[in-house]
Amino acid sequence: MVRKARSNILSITAFDLITAEIITIFAAYLFAAIAKGVTGLGFSTTCLPILVLAIGLKDALSLVLIPSICSNLVVMRQVGQFKSTMLRFWPMLLATIPGLILGLWVLSGIDGGTGKIVFGLVLLLWCGFSFLNPDHRLPDGLEGRLAPVSGICTGFLNGLTGSQVMPAVPFLMSLHLGRNTFIQAANCSFTMSSLIMMVGLGHLGLFSGREVVISTLGVMCVFVGVRFGTAIRKRLSENTFRKLILAMLTIMSISLLMSSFAAPN
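Each chain has its residues counted from 1, following the order in which its sequence is written. Local features in this predicted model are restricted to residues whose pLDDT is 70 or higher, and side-chain atom pairs enter the listing and the counts only when it is 80 or higher, whereas totals over whole chains, interfaces and linings include all residues. Values reported for side chains reflect all heavy atoms of the structure, with hydrogen atoms and water molecules removed beforehand.

### Describing helix H11 (residues 219–233)
- The end-to-end C-alpha separation of H11 is 21 Å, in line with the 21 Å expected for 15 residues at 1.5 Å each.
- For H11, the full list of buried residues reads Val219, Cys221, Val222, Gly225, Val226, Gly229, Thr230 and Arg233. For H11, the arc enclosing every buried residue in end-on projection is 150 degrees, short of the 170-degree limit, so these residues lie on one face. For H11, the exposed residues lying more than 90 degrees away from the buried face are Met220, Arg227 and Phe228. Each helix is a run of DSSP H or I of at least 4 residues and each strand a run of E of at least 2, with the numbering of both proceeding from the N terminus. Each residue after the first adds 1.5 Å to the expected span of a helix. Note on exposure labels: buried denotes an accessible area under 20% of the residue type's maximum, exposed denotes more than 50%, and partly exposed covers the range between, all computed with a 1.4 Å probe on protein chains only. What the arc measures is the spread of directions leading from the helix axis to the C-beta atoms.

### Topic: the packing of helix H4 (residues 65–79) against H11
- Helix axes use the C-alpha atoms of the stretch in contact, all axes being lines fitted to C-alpha atoms, and the angles between their N-to-C directions lie in the range 0 to 180 degrees. As a packed pair, H4 and H11 sit with axes 10 Å apart at the nearest point and diverge in direction by 35 degrees. Taken as a pair, H4 and H11 cross one another with a handedness that is right-handed. Between H4 and H11, the residues in contact are Ile66, Pro67, Cys70, Ser71, Val74, Val75, Gln78 and Val79 and Val219, Val222, Phe223, Val226, Thr230 and Arg233, respectively.
- Charged residues are taken to be Asp, Glu, Lys and Arg, nonpolar residues to be Ala, Val, Leu, Ile, Met, Phe, Trp, Tyr, Cys and Pro, and polar residues to be all remaining types, Gly included. Looking at the contact of H4 with H11, its residues break down into 10 nonpolar, three polar and one charged. Crossing handedness is read from the near helix: turned anticlockwise from the far helix by less than a right angle, it gives a left-handed crossing, and turned clockwise, a right-handed one. Contacts are assigned to residue pairs that have any heavy atoms within 4.5 Å of one another.

### What about the nonpolar core?
- Put simply, a nonpolar core is a bunch of buried Ala, Val, Leu, Ile, Met, Phe, Trp, Tyr and Cys residues held in one set by side-chain atoms that sit within 4.5 Å of each other. Leu51, Leu172, Phe182 and Leu249 are the most contacted members of the largest nonpolar core, which totals 60 residues.
- With nine residues, the top contributor of residues to this core is helix H9 (residues 179–203).
- Beyond its immediate stretch of four places on either side in the chain, phenylalanine 182 contacts Leu41, Val169, Leu172, Met173, Leu177, Phe241 and Ile245.

### Comments concerning the packing of aromatic side chains
- Only the six-membered ring of Trp is used, alongside the rings of Phe and Tyr, when aromatic pairs are assigned; centres must lie within 6.5 Å, and planes under 30 degrees apart are stacked while those over 60 apart are edge-to-face, with the rest tilted. Per the stated rule, a full pass over the model turns up two aromatic pairs.
- Here the aromatic residues Phe26, Tyr29 and Phe43 are joined through ring pairs into a cluster of three or more.

This is how it looks when you write it as structure tokens:
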């Protein structure tokens, strides 16, 4: 009788833990989707620190892919200018592929915690620089040269840490693009990275049926959150929008540093 009671208690506890994890995952999806709608970027980087604290880095990487791709596609459809953006930024987008493959290869052999700490520090320093120098602009003639470099570095850091914003977002911000062009270019980069990441994690055995089911069910949270965030974005001026992106990236960098120290091995 005592053993049966203990068994029931353990079963209930396990069920409660699973339920709590799923609720946390869906809450992270909703929060990240709202942020995505407001700024047009940062779904995976906003969502990952929350998921890492709840379930660990490798499971979190798999769970964020499908919702991230869906949020990208929704925002890309909203802002338009897809063809012109692809024609301008295809060198950066193609260069993401070898960088991401290299990052995944490194991830398969080491703990990504060190990479995330370096990434978070670099992002935080760049945000500080941008707040102090809001009119910083890339000199004419350097866009074509730096686009492939930005793509390779972004892909590598994405494969190693799961975050897709560095250095692609700073590179695009330094061009002082229009709001819609900036959002479209960033999300083209995010989407390509997520698709390659999905294939890479599947090859490493880290993207299974369980992750597919949970993340697919969470897509509804993404649609609701992005729609709500987009309504807020339409009310923002260009200057306020830029400041909000910098604030968002600062929060991301701090969250990444916190999750790096708190995440289980």
